[in-house]
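Structural overview for review
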Amino acid sequence: MIITTTPSVEGYQIADYKGIVVGEAIMGANVVRDVFASITDIVGGRSGAYESKLQDARDTALRELEERAAEKGANAVVGVDLDYEVVGQSMLMVSASGTAVVLG
């Protein structure tokens, strides 16, 4: 399945629109990871623990998006938008939305 942020796919025409699809993932970060991330924030540098958690959440949201598009009979999702939110004090939410289409 083709998943793209662009409104079309070069070399293909959109034969049918199947509707908006959304995939979401909410991930919690544990206390030990929070402590190490705080230390990284103080001394500078990147927080590998949070980057890994962010990647997991993004992968999960996109996988859900793809599954929902397939359920609608689509073979691509165009106009994909990724949104990131912090929920509470240690929860991360990633939402992926786009338009499920059939490419011809």
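Residues numbered from 1 in each chain as written. Predicted model: local features only at pLDDT ≥ 70, side-chain atom pairs only at ≥ 80, totals over all residues. Heavy atoms only, no water.

1. Concerning the overall build of the protein
A count of helical and extended segments in the protein gives 2 helices and 4 strands. For the protein, the succession of helices and strands along the chain, N to C, is β-β-α-α-β-β. When contacts within the protein are restricted to residue pairs at least 6 apart in sequence, long-range pairs at least 24 apart make up 76% of them. Within the structure as shown, the protein displays about 6400 Å² of accessible surface, and the carbon and sulfur contribution to it stands at 53%. (Helix = DSSP H or I, 4+ residues; strand = E, 2+ residues; numbered from the N terminus. Contact = heavy atoms within 4.5 Å. Areas by Shrake-Rupley, 256 points an atom, 1.4 Å probe, with all protein chains shown as cover.)

2. Some details on the nonpolar core
Among the nonpolar cores identified, the biggest contains 14 residues, and Val21, Ala57, Leu65, Ala69 and Val77 are the most heavily contacted of them. Apart from the residues within four sequence positions on either side, alanine 57 is in contact with Ala25, Met27, Leu92 and Val94. (Core = buried A, V, L, I, M, F, W, Y, C linked by side-chain atoms within 4.5 Å. Buried < 20%, exposed > 50% of the residue type's maximum accessible area, 1.4 Å probe, protein only.)

3. Quick look at the sheet that holds strand β1 (residues 2–3)
The pairing of strands in a sheet happens through backbone hydrogen bonds and is either parallel or antiparallel. Across the sheet, which stays open at both edges, the 4 strands sit in the order β1-β3-β4-β2 with mixed pairing between neighbours. The sheet is open, and its two edges are formed by β1 and β2 (14–28), each paired on a single side. Summarising the sheet, β2 and strand β4 (residues 91–103) pair through 13 bridges and their orientation is antiparallel. Looking at β4, one finds that methionine 27 is bridged to leucine 92. (Pairing = 2+ DSSP bridges.)

4. Some remarks on a nonpolar patch on the surface
Nonpolar side chains collect at one region of the surface, where Ile26, Val87 and Met91 lie side by side and expose about 230 Å² of accessible area between them. When you line up the elements, isoleucine 26 lands in strand β2. (Patch = residues over 30% accessible without salt bridge, like charges linked within 9 Å, V, L, I, M, F, W, Y side chains within 5 Å. Salt bridge = Lys/Arg side-chain N within 4 Å of Asp/Glu carboxyl O.)

5. Here we look at the side chain of serine 95
Relative to the helices and strands, serine 95 is located in strand β4. For serine 95, the residues in contact, after removing those within four places along its chain, are Val22, Gly23, Glu24, Asp81, Leu82 and Asp83.

In short, the description is geometric, and any link to function would need to be established separately.
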